[in-house]
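Per-entry structural report
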Amino acid sequence: MPDDEGEKVVEVAEDVGHAYGDWFKRYMRLFCRRALEWFMVFMFGYYNVSFGWLMAPLFFLVLRDKRAKEKQVKFDIIRSIANTDEKDILQEIQRFSNLPSWVTFPDMERVEWLNKIIRQLWPYAGHYVKDLCKFSIEPSMRTAFEEYKLNNFKFEKIILGDTPPRFSGVKVYDDTSRHEIIMDMDFAYAGDCKFEVSVSKFKMGIKDLQISGRMRVVMKPLVRQIPLVGGLQLFFLNNPDVDFNLIGLADVFDMPGLSDILRSIVIEQIAHMMVLPNRYPIQLVQDIDTAELKCPSPAGVLRINVIEAHNLMKKDVGIMGMGKSDPYCILRLGAQKFQTKTINNTINPKWDYYCEALANVIRRQHVTIECWDYDYSPLKSYENDDFLGRANLDVHDIWKSGELDMWVPLSDAKSGRIHVRATWLDLNDNAASLELQLEEIRALQTTTKNPLHGAVLMVWVDSAKKLNTIPDPFVRLHVGNTQQETSVRQRTNDPVFEEGFTFLVRNPRTQELKIEVIDHKTSQIQGKIELDLNVLLKERNLEVKNEEYTLSGASGGLASLKLTLTLRILKTALKKDDGDGGPKEKVAPVKPERKASEPTVVKTIDEVMSSAASPLMHMAPSLKITEDCDLRQRTNVAGIHGIGRIELTVKYGPRSNLVIVVHQISNLPVEEDGELPDPYVKLYLLPDRSKDSKRKTDVIKDSCNPKYDERFEYSIPPNELTRRTLEVNIINKKGLLFLQRSPKMGQVHLDCGLLDADKVTQWYDIAPATDEDDE
């Protein structure tokens, strides 16, 4: 017992000593910091140095601390999402509201089962991640850093941590091919990983990596032997949200602008690896079509025309206060990025910019258009510019309509809207359709200088044989000004690449594909191939499969490259009948006397009989029949209340957003003095009638049949949808201020909880206004 008591006394003394030592270290550290700060202030005053030199580092530190706090808040939110049981979240929601019909606890239990499996496998994923970083990510990161004059990038330490990623919100599609399974899920990772790297002899690193986004898992093809799935494709539909904290030397430069360089490189590498059109394939069995797994054909091409914008925010400061802006747009579809030119000193820019993007999937992907105000910066990063707003276009909506042309209000902005036209182009293997597409391009080229394309070329680089010496080969492909490369294969004469590439081709009759096999170590060309794409137009189905081409310039003439080439002609799509790939819409002929803006009149049986009997009844009774028929037609066209009808598209999107498109109004009444109204449409999402809830279209002057085609969005959680009502008001702007007579012409109320997913676009009868709100 005395020995035990003595040991306890020693332990207590050691604890006290450690506590005192820690306190003394913290005190001395704080004392030294304060002494250094006061010494710097004294030296600045002693040598009469400018006050700006004192404020610059203080301003730097304040911004750095603010940024660190913002990142910590964001990290805590993502970590809570990643570490919280989804069933507990739903039970908390159920205490306050009814859950949506598609959420059930058995589904949540299946998701938790998946997360438990991942949690069990996570410790064994460390070696796989190390190999992935060393052999796949490190070479591409080295190339990216060399653009900023930073050489010799290398991973020094890779610690995966104990916290695995978390999946939630799983959705499995049941209307796919019988040879595949498509599953979407929300991916959230906020782990305790740590990566240390060296760049140009400097040590730095990142920790607290955060990644969140919508991930898709495609299981294809399904096979008849275990494991029943031939391969997996993992990819993000759109760029995920990525953030991290810097350590080492990089922590000194953790400021907006400088740290954005490192952040943009990390995001670029993630996008290059697994953001559409890039996918991360995993082959599970041997005897499958590797090309279809690793590089499937795109679904189509999106041709986007950013025409103009109106009433953007003023960000530049002028002599008399806020001046104008220097706006430009950045467009993104997955990992594909496009940028318009900058229009100086205006808030109503006109770009007329065209771009074309490969669309690999139709559902759950969207085009993002961001407006920025250009400010000169030596870092040349758009993130240093002022944000002017964002617009989103659903790829499925474009595919279904064939073409969308509308004004879209900018979200996350006080004002502004953007005029966009988007066209869906299908792929077909008919060479005769090329001339039609080229004619469309020639017509568009008269109004734009941006290059447009008539075809898509898909190249599958399978393998090479009998290369010179023992190189580290890779393949570089050129079509026009576009260049793509395979990964490097180490120390082999017979490399197997198995990589696919897709190119947009302006005119396959005049362009060619150039291929070079290069030794990465010496940069020497091992051989090259030049193929005239016009040859593919003469092939059956416009493709050549598993053809071995001799590499010119190779010693001995024995080296060859095995390729599969597929050409597809672009074709402007027609409007689809429904969202599930149904038959094309049959357009009925329109009578010349009916205006295009009017809804189709549906005749009753009495009207049909009256019309059939009218040639025989040409006496007095025919007058009454004609009057009755005209009255019924006018009632159908002008609505049951006789004050017009409005065409709306109302749907609830996958990103928890309520989308409203105001198309047109028909047969509004004229004013009492015979003047035509100046109508516009105003929306509220009741019960909220604040400025944040209000949306307005443009005013159309002197029209009873105005056309708008303007799109609006509300961000609203699914559990609140049943509590909301969309109020659509038709307002007459005619007359001077304070002298308007009954400005509200009518309104429509839609219960958001009763939206029909099969009938998103409908005509609604305008009812008399029941209330007035302040303008």
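Residues numbered from 1 in each chain as written. Predicted model: local features only at pLDDT ≥ 70, side-chain atom pairs only at ≥ 80, totals over all residues. Heavy atoms only, no water.

1. Quick look at the overall build of the chain
Applicable threshold: Working definition: helices are DSSP H or I runs of at least four residues, strands are E runs of at least two. Numbering for both runs from the N terminus. Relative accessibility decides the category of a residue: with a 1.4 Å probe and only protein chains considered, values under 20% of the type maximum give buried, values over 50% give exposed, and everything between is partly exposed. The contact criterion used throughout is that any non-hydrogen atoms of two residues lie within 4.5 Å. Each accessible area is a Shrake-Rupley result for a 1.4 Å probe, and residues are judged covered by the shown protein chains and nothing else.
The helix and strand tally for the chain stands at 11 helices and 34 strands. Scored against the burial criterion, the 775 residues of the chain give a buried share of 43%. Residue pairs at least 24 apart in sequence account for 67% of intrachain contacts in the chain once pairs closer than 6 positions are excluded. Split by element, the accessible area of the chain, about 43,500 Å² in all, is 55% carbon and sulfur.

2. Side note on the side chain of Glu-727
Applied cut-off: Any pair of nitrogen or oxygen atoms within 3.5 Å is treated as a polar contact; in protein, a donor-acceptor pairing is required on top of that, and neighbouring residues in sequence qualify only through side-chain atoms on both sides.
Mapped onto the elements of the fold, Glu-727 is located in strand S32 (residues 725–732). Note on Glu-727: relative accessible area 1%, which makes it buried. Reaching out from Glu-727, the side chain makes a polar contact with the side chain of His-749 at a distance of 3.0 Å.

3. Observations concerning the pairing of strand S27 (residues 645–652)
Operational definition: The pairing criterion for strands is at least two bridges between them, as found by DSSP.
The element S27 is largely enclosed, with a buried count of seven among its eight residues. Two elements, S27 and strand S28 (residues 657–666), share eight bridges in a ladder whose sense is antiparallel. Residue Leu-648 lies in a different strand from S28, and its bridge partner there is Val-662. As paired strands, S27 and strand S34 (residues 761–765) are joined by five bridges and run antiparallel to one another. In the strand pairing of S34, Glu-647 is matched with Trp-763.

4. Points about the packing of aromatic side chains
Heads up, the condition is: To pair, rings of Phe, Tyr and Trp, with the six-membered ring standing in for Trp, must have centres within 6.5 Å; the planes then decide the type, stacked if under 30 degrees apart, edge-to-face if over 60, and tilted in the middle. Comment: the charge-over-ring label is applied if NZ (Lys) or CZ (Arg) is within 6 Å of the ring centre and within 35 degrees of the ring normal.
Overall, the coordinates contain six aromatic pairs when judged by the stated rule. Aromatic pair Trp-122 and Tyr-189: ring centres 6.1 Å apart, planes at 50 degrees, arrangement tilted. Taken together, the residues span a long stretch of sequence, with Trp-122 in the loop between helix H4 (105–121) and helix H5 (126–146) and Tyr-189 in strand S3 (residues 181–190) at a distance of 67 residues. A residue is classified by how much of its surface remains accessible, and Tyr-189, at 6% relative accessible area, is buried. Look at Phe-187 and Phe-236: their rings are 5.8 Å apart centre to centre, the planes differ by 80 degrees, and that puts the pair in the edge-to-face class. One end of the pair, Phe-187, is in strand S3; the other, Phe-236, is in strand S6 (residues 231–236), and 49 residues separate them in sequence. Here the two residues Phe-187 and Phe-236 agree in accessibility, since each one is buried. One residue, Arg-363, lies across the ring of Tyr-173, its end atom 4.5 Å from the ring centre. Above the face of the Tyr-714 ring, Arg-695 is positioned so that its terminal group lies 4.3 Å from the ring centre.

5. Description of helix H9 (residues 434–445)
Basically, it comes down to this: In a helix, the anticipated span is given by 1.5 Å times the number of residues less one. Regarding the arc, it is the one traced by the directions from the helix axis to the C-beta atoms.
Between its first and last C-alpha, H9 extends 16 Å over 12 residues, near the 16 Å set by a 1.5 Å rise per residue. Looking at H9, one finds that the buried residues are Leu-434, Gln-437, Leu-438 and Ile-441. For H9, the arc enclosing every buried residue in end-on projection is 100 degrees, short of the 170-degree limit, so these residues lie on one face. On the buried face of H9, the contacting elements are strand S9 (300–310), strand S18 (417–428) and strand S26 (560–572).

6. Brief notes about the sheet that holds strand S23 (residues 512–519)
Just so we agree on the cut-off: Interaxial angle, 0 to 180 degrees, is taken between N-to-C directions of lines fitted to C-alpha atoms, where a helix line uses only the stretch in contact.
Ordered by their spatial adjacency, four strands build an open sheet running S21-S20-S23-S24, and the pairing between neighbours is antiparallel. Whereas interior strands pair on both sides, the edge strands pair on one side only; in this sheet they are strand S21 (482–485) and strand S24 (525–532). Taking each pair of neighbouring strands and ignoring which way they run, the sheet shows an average axis angle of 15 degrees. Bridge count for strand S20 (residues 473–479) against S23 is seven bridges, and the pairing is antiparallel. For Arg-476, the partnering residue across the bridge sits in S23 and is Glu-516.

7. Focus on the nonpolar core
Which entries qualify depends on this criterion: Think of a nonpolar core as a cluster: buried Ala, Val, Leu, Ile, Met, Phe, Trp, Tyr and Cys residues, connected wherever their side-chain atoms sit within 4.5 Å.
If you look at the biggest cluster of nonpolar residues, it comprises 43 residues, and the most contacted ones within it are Phe-155, Val-242 and Phe-244. Only H5, strand S1 (154–159), S3, strand S4 (194–199), strand S5 (202–219), S6, strand S7 (241–248) and helix H6 (258–274) provide two or more residues apiece to this core.

8. Section: the pattern of salt bridges
Applicable threshold: Should a side-chain nitrogen of Lys or Arg be within 4 Å of a carboxyl oxygen of Asp or Glu, the pair is scored as a salt bridge.
One pass over the full model with this rule turns up 26 salt bridges. Here Arg-421 and Asp-405 are joined by a salt bridge, their closest N and O atoms 3.3 Å apart. With Arg-421 in strand S18 and Asp-405 in strand S17 (residues 403–409), the pair connects residues that are 16 residues apart, well separated along the chain. Residue classification places Asp-405 among the partly exposed residues on the basis of a relative accessible area of 30%.

9. Looking at the side chain of Asp-373
This is how it is decided: For this count, His and the chain ends are skipped, Lys and Arg are scored as positive, and Asp and Glu as negative.
Counting through the fold element by element, Asp-373 comes out in strand S15 (residues 366–373). The charged side chain of Asp-373 is buried without a salt bridge, its nearest counter-charge being Lys-315 at 7.6 Å. Among residues more than four places away in sequence, those in contact with Asp-373 are Lys-315, Asp-316, Ser-325, Asp-326, Tyr-328, Asp-385, Asp-386 and Leu-388.

Nothing here speaks to function; it is all geometry.
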